[in-house]
Amino acid sequence: MTSTATPRPLDLIALGAVSGGLLGFEVILLRLFEFSHWHHFAGLSISLALLGLGCAGTVLALLGKRALGDGWFIAGVLIAAAGFLFVLWLNSRIALRPVFAASDPGEMLRVLAVDFAAFLPFFGAGLAIGQVFPRWPAHPTRLYSANLLGSGLGSAAASVLLVFFAPESALAMMAAVLAACAVILGLNRRLRAPALLAGVVLLAALFFVHTPPQPRVSDFKALSRLTELPGAEVRAVKPGLAGRLSVIAAPSLRNAPGLSLGWTQPVESGSAAVIGSDRVVTLRDDYTRLPAHAEASLVNLPLNLRPDGRVLAVGSSTWSTPAFAVDRDLVWLEPDRRLTALARERGARFEAVGDSPWRYLGRSEGQFSLIALDGAFAGGDAASEDYLLTDAGLARALERLSSGGLLSVAVGIDYPPRNGPRLLATIAAALESRGASDPGEHVAALRGMQSMLVLIGRDPISNANIEQIAAFSERWQFDRVWLPGMDPAEANQYHVLDEAVFHEAARAAFTATAMPQAAQWFTTEPATLERPYFWRAMQWQQLPVLFERLGRRAASLLDWTLVMSVLSMGLVTVLAGALILVPLGRMPRLEKPFRRLSVGGWFLALGLGFMLVEMAIFQRAILFLDRPVLAASVVFALFLVGAGIGSAMPPRHDDPRRVFAALGIGAAITLGILWLGAEWLLALPQGVRIVALGLVLLPLTWAMGRPLPWSLGRLSDQPRWMPWGWGINAFASVAAAALAPLLSVHFGQPVTVTTAAACYAVAALIAFSWQRAGTATELKEK
């Protein structure tokens, strides 16, 4: 087909299907790797696999016209579909321990095999997608629009599939869609051999849909540990958007966090729900009676201190207030209905609310005598947003307490302390924001060997409660971290540390003095709405000291998401740089007003800017939608669909000022509402909120879809440079996906947005320089 031809409707549908299949593959693959291997490794693997898109752009730039046509398109689709199936098969054969890859050559080979398998589908899809722009250079807007709209629909479709099917089944379905697309296109274009080969791949995909290979799960995972217990039985497996839920029972399965070591009686066995393969939630067999060990448990202490009034349990973990709140007026704020259904089947009685904690605490008019943040005990990822565990979030919870009410927060503890001192500092900031002149009067805290419970009062802790807590700590040998008026000598009595670092950290937090040296190995500043990353602990400048003192054990205390993000950025930058430079020697000369540096800078700036904005808005959207998986599904789909609509509506004039003026106006509208009109959005029911979020994002996403096809249109008479620029754009997107969490965690979400704005400013300057150079050239020719 000649370069002046017009893409047919089937071509655009096929392009959209491949784009959607690839985005769906990315979403499902992340879930599959998180389940099987290590969620930190999953992000790195997909970042490296995404290099396949850029690598395809390099190959297309080198081959030129030889890589155009239906045959190449179908070949790329088949590589992608077969790659999907290869990833599934390999994932059922290999269980990884990525943390050992640096010291174990065999483990390194297995890691590389999995990475290469994930690379193939992106490379194949890149060959198919990247060649359409030089093939039909006069129609960049239609092609880019089909690409983005298909990607958005594929992202949404993958999320829907994950609600009803396991990731391995969903991935096989995506492969079947791509193979069917190749069959239809091959038959339509009378390419019998490709159509026959596509039919074979389709049959294999349908077989995998019917009988999906089960993923091997790393023995590091909680799911593996629990299923290997003597007599363990998997009683149920339920798919869901939050992850596969497995119900496991075993005679030796006993979860009793916060239990005193002074308890010498048996602890009843039970069962557990494992979401994904890491998050464990305790399930009791009978919720109608108190656990026998209740009197010796920190979980039950807040309920004993507030025996009357309504109780609100927020989230779920092995620290389970609903298991102890027998015959209490309980509200359980838990978005995963599978968990609340399992508890009800076992006799629990409560009011279930699936709302976001931030929204519920801000919009509810109810008052509670006790609010227990159970979900905090599960911990979190360093780059995951937790708006509740910020100074504003805790203040919001305190507002919902009745007079004399208590807020209960429990966290696991390490030594050196990672999260305990920061929790105390965040609590102090929350109390000060509510006007407490002496925050320490409102707080009591106890710790055991592996957990710390902090109680925060809306009002100062009463003397009667102080006596109750002191008596409980003495009876069951829990160390006093903080009690109003306590003698420092009373700290560090039972689970003895080298120094009373938790008590000293509490005193520092409540008196606004410097944290003790032993608490400064990790972050101690309060978490805020601008930087809602409570679980980020690592300080880069402390790493040499940490490894010097702790040796290999220090590796277990790192924020691996941040480490992997830095590693991803470094590897992507080196590999991308090489792949960008490789084809330059064989590329034709660029005609004015373009230069290689400006073209490369343009596609780099657009790729960085687009992804940084998308990631910043995803981070903010968690405030409105609470569940990261739901927020990612909604935001990414809305972004791609909105940008696809924008790309289908190119500017009528060739003036870049119109393109970037629309972008500036769209950004002002969208970002203004998301950051300044948050309470307005939160007031809406969830379904309406998602629709409203789409309308809020539309001005920005529509405008963001226009610059790239505008530039492709200007390059239409130099089509060899199109796949090269498209590859740079893909490389930049991968790098930005790793850069965005680093910026937000260390400097705040507004800095991420500002960096994106700077990228678009660079792109605007390049576009204006092209416009000026083009005008000057036209004047000379006249």
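Residues numbered from 1 in each chain as written. Predicted model: local features only at pLDDT ≥ 70, side-chain atom pairs only at ≥ 80, totals over all residues. Heavy atoms only, no water.

1. A word on the overall build of the protein chain
Logical step 1: A count of helices and strands for the protein chain gives 26 helices and twelve strands.
Logical step 2: Its C-alpha atoms give the protein chain a radius of gyration of 28 Å, near enough to 28 Å, the size a compact globule of 782 residues would have.
Logical step 3: Each principal axis of the C-alpha atoms in the protein chain carries an extent, and together these give about 90 × 60 × 50 Å.
Logical step 4: Counting only residues that meet the buried cut, the protein chain has 60% of its 782 residues in that class.
Logical step 5: If you take every contact in the protein chain between residues at least 6 apart in sequence, the share linking residues at least 24 apart comes to 76%.
Logical step 6: Accessible area for the protein chain stands at about 30,400 Å²; split by element, carbon and sulfur atoms hold 61% of it.
Logical step 7: Side-chain charges of the protein chain comprise 64 positive and 57 negative groups, with the mean position of each set lying 12 Å from the other. (Helix = DSSP H or I, 4+ residues; strand = E, 2+ residues; numbered from the N terminus. Rg over C-alpha atoms; globule rule 2.2 N^0.38 Å. Buried < 20%, exposed > 50% of the residue type's maximum accessible area, 1.4 Å probe, protein only. Contact = heavy atoms within 4.5 Å. Areas by Shrake-Rupley, 256 points an atom, 1.4 Å probe, with all protein chains shown as cover. Lys, Arg positive; Asp, Glu negative; His and termini not counted. Charge placed at Lys NZ, Arg CZ, Asp CG, Glu CD.)

2. Section: the pattern of salt bridges
Logical step 1: With the rule as written, the count across this model stands at 25 salt bridges.
Logical step 2: The salt bridge involving Arg189 is made with Asp11; its shortest N-O contact spans 3.0 Å. Taken together, the positions of Arg189 in the loop between α7 (167-188) and α8 (192-210) and Asp11 in helix α1 (residues 9-36) put the pair 178 residues apart, joining distant regions of the chain.
Logical step 3: Assessed through its relative accessible area of 6%, Asp11 is described here as buried. (Salt bridge = Lys/Arg side-chain N within 4 Å of Asp/Glu carboxyl O.)

3. Remarks on a nonpolar patch on the surface
Logical step 1: A cluster of nonpolar residues, Val160, Val163, Phe164 and Phe165, forms a patch on the protein surface that exposes about 360 Å² of accessible area.
Logical step 2: Along the chain, the position of Phe164 falls in helix α6 (residues 140-164). (Patch = residues over 30% accessible without salt bridge, like charges linked within 9 Å, V, L, I, M, F, W, Y side chains within 5 Å.)

4. Let's talk about the nonpolar core
Logical step 1: One finds Trp602 and Phe660 to be the most contacted residues of the largest nonpolar core, which totals 139 residues.
Logical step 2: Ranked by residues supplied to this core, first place goes to helix α19 (residues 596-625) with 18 residues.
Logical step 3: Apart from the residues lying within four places of it in its own chain, the contact partners of Phe660 are Trp602, Tyr760, Ala763, Ala764 and Ala767.
Logical step 4: By size, the runner-up hydrophobic cluster in this structure holds 50 residues, among which are Tyr360, Ala376, Ala428 and Val481. (Core = buried A, V, L, I, M, F, W, Y, C linked by side-chain atoms within 4.5 Å.)

5. Considerations on the side chain of Ser317
Logical step 1: Along the chain, Ser317 turns up in the loop between β5 (311-314) and β6 (330-333).
Logical step 2: The exposure class of Ser317 is buried, given its relative accessible area of 1%.
Logical step 3: Here Trp319 takes part through its backbone nitrogen, which lies 3.0 Å from a polar atom of the side chain of Ser317.
Logical step 4: A distance of 2.8 Å separates a polar side-chain atom of Ser317 from the backbone oxygen of Asp374. (Polar contact = N/O pair within 3.5 Å; in protein donor to acceptor, adjacent residues only side chain to side chain.)

6. Description of unusual backbone geometry
Among all residues except glycine, the phi angle is most often negative; among peptide bonds, the trans geometry is most common.
Logical step 1: The peptide bond linking Tyr415 to Pro416 adopts the cis configuration, its omega dihedral lying at 5 degrees.
Logical step 2: Following the sequence through the fold, Pro416 ends up in the loop between β9 (401-412) and α14 (420-433).
Logical step 3: The backbone of Gln477 shows a phi angle near 60 degrees, a positive value even though the residue is not glycine.
Logical step 4: Within the secondary structure layout, Gln477 lies in the loop between α15 (463-476) and β12 (479-482).
Logical step 5: You can call Gln477 partly exposed: its relative accessible area is 43%.
Logical step 6: Of note, Asn492 is a non-glycine position whose phi angle comes to about 60 degrees, a positive value.
Logical step 7: Inspection of the secondary structure assignment puts Asn492 in the loop between β12 and α16 (501-511).

7. Things to note about the sheet that holds strand β1 (residues 233-238)
Logical step 1: The antiparallel open sheet is built from four strands, whose spatial order is β1-β2-β3-β4. The sheet is open, and its two borders are formed by β1 and β4 (279-283), each paired with just one other strand. The average undirected angle you get between the axes of adjacent strands in this sheet is 25 degrees.
Logical step 2: Where strand β3 (residues 271-275) meets β4, five bridges bridge the pair, whose relative direction is antiparallel. Across the sheet, the residue bridging to Val274 is Val280, located in β4. (Pairing = 2+ DSSP bridges. Axes fitted to C-alpha atoms, helices over the stretch in contact; angles between N-to-C directions.)

8. Some thoughts on the side chain of Arg447
Logical step 1: Tracing the sequence through the fold places Arg447 in strand β10 (residues 443-447).
Logical step 2: Here His495 takes part through its backbone oxygen, which lies 2.8 Å from a polar atom of the side chain of Arg447.
Logical step 3: Once you skip the residues sitting within four places of it in the chain, Arg447 turns out to touch Ile413, Met452, Phe478, Asp479, Val481, Asn492, His495, Leu497 and Phe502.

9. So, the sheet that holds β6
Logical step 1: With mixed pairing, eight strands are arranged side by side in an open sheet as β7-β6-β5-β8-β9-β11-β10-β12. Only two strands of the sheet have a single partner each, and these edge strands are β7 (351-353) and β12. Taking the axes of each pair of neighbouring strands and ignoring which way they run, one obtains an average angle of 20 degrees across the sheet.
Logical step 2: Of the strand pairs in this sheet, β6 and β7 are connected by three bridges, and their pairing is parallel. Its bridge partner lying in β7, Leu333 is registered against Val353.
Logical step 3: In the packing of helix α13 (residues 391-399) onto the sheet, the strands contacted are β8 (368-373), β9 and β11 (451-457), and the crossing angle to β9 comes to about 140 degrees.

10. Comments concerning the confidence of the model for the protein chain
Logical step 1: Per-residue pLDDT for the protein chain has a mean of 89; in total, 95% of the residues score no lower than 70.
Logical step 2: The least confident element of the protein chain, judged by mean pLDDT, is helix α2 (residues 39-63) at 73; the most confident is β8 at 98. (pLDDT = per-residue confidence, 0-100.)

11. Quick look at the packing of α19 against helix α24 (residues 707-714)
Logical step 1: One can describe the packing of α19 onto α24 by two numbers: an axis separation of 11 Å at closest approach and a directional angle of 160 degrees. One finds that α19 runs roughly antiparallel with respect to α24. Two packed elements cross with a definite hand, and for α19 against α24 that hand is left-handed. For the pair α19 and α24, the contacting residues are Trp602, Phe603 and Leu606 in the first and Pro707, Leu708, Trp710, Ser711 and Leu712 in the second.
Logical step 2: Among the residues making up the contact of α19 with α24, the classes are represented as seven nonpolar, one polar and no charged. (Parallel < 35°, antiparallel > 145°, perpendicular 65-115°, else oblique. Left-handed = near helix turned anticlockwise from the far one by under 90°. Nonpolar A, V, L, I, M, F, W, Y, C, P; charged D, E, K, R; others polar.)

12. Quick notes on α24
Logical step 1: Within α24, seven of the eight residues are buried, which leaves it mostly tucked inside the rest of the structure.
Logical step 2: Looking only at α24, the buried set comprises Pro707, Leu708, Pro709, Trp710, Ser711, Leu712 and Arg714.

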